[in-house]
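Spelled out from the first residue to the last, the chains are:
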Amino acid sequence: MSLELRDAAIAASKMAHSPYSKVNVGSALLTESGEIISGCNIENSSFGGTVCAERVAMWKAVSEGNLKWSSIYVYTKEGWSPCGFCRQVMVEFAPKNLKIIIGNEKGVETEHLLEDLLPLAFSPKDMN
Ligand code: THU
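Let me begin by describing the structure that accompanies this report.

Parameters and conventions
- Residues numbered from 1 in each chain as written.
- Predicted model: local features only at pLDDT ≥ 70, side-chain atom pairs only at ≥ 80, totals over all residues.
- Heavy atoms only, no water.
- Pairing = 2+ DSSP bridges.
- Helix = DSSP H or I, 4+ residues; strand = E, 2+ residues; numbered from the N terminus.
- 1 Å grid on protein atoms, 1.4 Å probe; cavity = no way out; pocket = protein on both sides within 12 Å on 5 of 7 lines; lining within 4 Å.
- Points joined across faces, edges and corners; volume = space filled by probe spheres on them.
- Nonpolar A, V, L, I, M, F, W, Y, C, P; charged D, E, K, R; others polar.

1. Observations concerning the pairing of strand β5 (residues 109–113)
Now for step 1: As judged from the 5 bridges shared by strand β4 (residues 99–103) and β5, these two strands associate in the antiparallel manner. Looking at the pairing, Lys 99 lines up with Leu 113 of β5.

Rendered as structure tokens:
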């Protein structure tokens, strides 16, 4: 499954709209039902309009009513780690044990739990 996720993330990275940073990011979210939902980074000439690949994948999933996630793969040639905004969006929807897999072009992969990448997170529970 990890290979399928990696392939989906790599395929998504090829769809990136990144004329400014020239970095192509691909993300692939695995749902509990086994569906893979992917996303790429989409930049905007007004830089604040840029959205990361992970958030595109997550928002696609949410907008399709697909709210049970087990892992998310993030692919860049360099093996970039998900940004703080994306981690916060993960906390909004995913369990603490969401598996985050970071992969690079050499095939090096590291696996992390959401709770380790965003410890002491402010979460929906705090709003109750
Ligand atoms: N980017 C992502 O897609 N995901 C991240 O977690 C880090 C950053 C994108 C946003 C922008 O298009 C480019 O990488 C440089 O920041």
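2. A closer look at the layout of surface pockets
Now for step 1: As a volume, the largest pocket reaches approximately 280 Å³.
Now for step 2: What lines the largest pocket is Val 91, Ala 94, Pro 95, Lys 96, Leu 114, Glu 115, Leu 118, Pro 119, Leu 120, Ala 121, Ser 123 and Lys 125.
Now for step 3: Taken together, the residues of the lining of the largest pocket break down into 8 nonpolar, 1 polar and 3 charged.
Now for step 4: If you go around the second largest pocket, you meet 15 residues; those closest to its centre are Val 25, Asn 41, Cys 52, Trp 80 and Cys 83.

3. Here we look at the environment of Ser 45
Now for step 1: Relative to the assigned elements, Ser 45 resides in the loop between β2 (36–40) and α2 (53–63).
Now for step 2: For the pair Ser 45 and Tyr 20, spaced 25 residues apart in the sequence, the C-alpha separation amounts to 7.7 Å.

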